[in-house]
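Below are the chains, spelled out letter by letter.
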Amino acid sequence: MSAPEGVRLEGPIRSVGVVLRERNAEIESALGRLTRGLEARRVSVTVERLEARGASGDVSLASPGLDLVIALGGDGTLLRAARAVVGKDVPVLGVNLGRLGFLTAFPDAELESGLGAVLGGQAMLDFRFALRGRVERAGEVHGDNFFALNDIVVHTSGGARVTPLTLHVGTGSAREEVGSFAADGVILATPTGSTAYSMSAGGPIIVPGVECIVVTPICPHSLAVRPLVMPATSEIRVSSPHPDAGHQITVDGQVERGLTAPESLVVAREPKPIALVRLPGQTFFRTMRHKLNWAQRLPERT
């Protein structure tokens, strides 16, 4: 089922959590301005405890009942914040202090006006689906589930070299082998993540409203292996036919764990979407033209 589009962010917003990229002078300045703006509107603020951040980059926001999470940083910070609200009805607002800021709502220079628009009821919500991944061995689940708003990647560990990988799709008796190929790895991306690593590896740009999962091989050792666009209802399984294979799983470019030859990565859609906050007039195509310079008009002839 498609997520609703054009839904307005309705208040009241009384409690906000803030996720930080790091602690430095730029972040501290933005955090001070943000905190003062929120407290002036009688909104309580809970700031992420960076010292409690684990090796996987998990967000530590110890305040229940948040109405909004604000990510101060770039796209990576927003992705961390998004993973923290998986399964919850808490929208995420990105304030860009990074380079690209493709997923964020506005830059640091517009913090006061942007915050006023959000708290004034002018903001909209874009619902994006995430991926849920797990590792299985002999049909048994090993470890906890992990989640990605952008992508889950299986790649070689150690030196750069090609590795054999096998893809299956479906569950139970309906599971079917898609095929095997040699590559540096494979990217399983959401439409949101189609403009990230998958695009750099030659995958297609997918408009966020399209319901699909993009499978993009990384530097495949064959001209016949090309990206696949799978239905969003697919369960995709990645494994290796090589008994000595050693791989890494990277989630949104941040969370990592190993994947040994007897294990399989199983990826499917997370049922509950994640709500990203945007301002009126901020559309996917406008952002794509502005941030990626996609199909910019050539200068007029003189």
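Here, the structure is the one placed above.
Some details on the overall build of the protein
- Helix and strand content of the protein: 5 helices and 20 strands.
- Here the C-alpha atoms of the protein give a radius of gyration of 20 Å, agreeing with the 19 Å that 2.2 N^0.38 yields for 302 residues.
- Each of the three principal axes of the protein carries a C-alpha extent, and together these read 60 × 60 × 40 Å.
- Within the protein, the proportion of its 302 residues that are buried is 48%.

Focus on the sheet that holds strand S9 (residues 140-148)
- If you trace the 6 strands from one edge of the open sheet to the other, you get S9-S8-S19-S16-S11-S12, paired in antiparallel fashion. For this open sheet the edge positions go to S9 and strand S12 (176-183), each flanked by a neighbour on one side alone. The mean inter-strand angle of the sheet, taken between neighbouring strand axes irrespective of direction, is 20 degrees.
- As paired elements, strand S11 (residues 163-169) and S12 share 7 bridges and run antiparallel to each other. Its bridge partner being in S12, Thr-166 is matched across the sheet by Ser-180.

Details of the nonpolar core
- Counting 28 residues, the largest nonpolar core has Ile-70, Leu-72 and Val-118 as the members making the most contacts within it.
- Where this core is concerned, the elements lending two or more residues are strand S2 (15-20), helix H1 (25-40), strand S4 (68-73), strand S5 (92-96), helix H3 (111-119) and strand S20 (274-278).
- Excluding residues within four positions of it along the chain, Val-118 makes contact with Leu-9, Ile-13, Leu-68, Leu-93, Phe-106, Ala-123, Val-277 and Leu-279.

Structural notes on the side chain of Thr-77
- With respect to the secondary-structure elements, Thr-77 resides in helix H2 (residues 75-84).
- Dropping the residues within four chain positions of it, Thr-77 is found in contact with Val-19, Leu-20, Arg-21, Ala-71 and Leu-72.

So, the environment of Leu-292
- As for its placement among the helices and strands, Leu-292 is situated in helix H5 (residues 284-292).
- Non-local contacts of Leu-292, meaning those with residues more than four positions away in its chain, are made with Phe-102, Thr-195, Met-199 and Thr-287.

What to know about H5
- Buried within H5 we find Phe-284, Thr-287 and Met-288. Relative to the axis of H5, the buried residues are bounded by an arc of 100 degrees and lie together on one face.
- Asn-293 lies just past H5 and shows a positive phi near 55 degrees.

Quick notes on the sheet that holds strand S13 (residues 185-189)
- The 6 strands are arranged S15-S14-S13-S10-S17-S18 in an open sheet whose pairing can be described as antiparallel. Single-partner strands in this sheet number two, and they are strand S15 (228-231) and strand S18 (255-260). Ignoring which end each strand starts from, the neighbouring axes of this sheet average 20 degrees apart.

Looking at the pairing of S9
- As paired strands, strand S8 (residues 131-137) and S9 are joined by 6 bridges and run antiparallel to one another. Note that in S9 the partner of Val-135 across the bridge is His-142.

Focus: H2
- Where burial is concerned, most of H2 is hidden: 8 out of the 10 residues are buried.
- All of the buried residues in H2 are Asp-75, Thr-77, Leu-78, Leu-79, Arg-80, Ala-81, Ala-82 and Arg-83.

Remarks on the packing of aromatic side chains
- Following the criterion strictly, the structure yields 2 aromatic pairs and no others.
- A centroid spacing of 6.2 Å and a plane angle of 80 degrees characterise the contact between Phe-102 and Phe-284, whose relative ring orientation is edge-to-face. Within this pair, whereas Phe-102 is found in the loop between S5 and strand S6 (106-107), its partner Phe-284 is found in helix H5, the two being separated by 182 residues in sequence.
- On the numbers, 5.6 Å between centres and 70 degrees between planes, the contact of Phe-284 with Phe-285 is edge-to-face.
- By way of ring pairs, the aromatic residues Phe-102, Phe-284 and Phe-285 are connected into one cluster.

So, how was this worked out
- Residues numbered from 1 in each chain as written.
- Predicted model: local features only at pLDDT ≥ 70, side-chain atom pairs only at ≥ 80, totals over all residues.
- Heavy atoms only, no water.
- Helix = DSSP H or I, 4+ residues; strand = E, 2+ residues; numbered from the N terminus.
- Rg over C-alpha atoms; globule rule 2.2 N^0.38 Å.
- Buried < 20%, exposed > 50% of the residue type's maximum accessible area, 1.4 Å probe, protein only.
- Pairing = 2+ DSSP bridges.
- Axes fitted to C-alpha atoms, helices over the stretch in contact; angles between N-to-C directions.
- Core = buried A, V, L, I, M, F, W, Y, C linked by side-chain atoms within 4.5 Å.
- Contact = heavy atoms within 4.5 Å.
- Arc of directions from axis to C-beta.
- Phe/Tyr/Trp six-rings, centres within 6.5 Å; stacked < 30°, edge-to-face > 60°.

Note that every value here comes from positions in space, so none of it alone points to a role or purpose.
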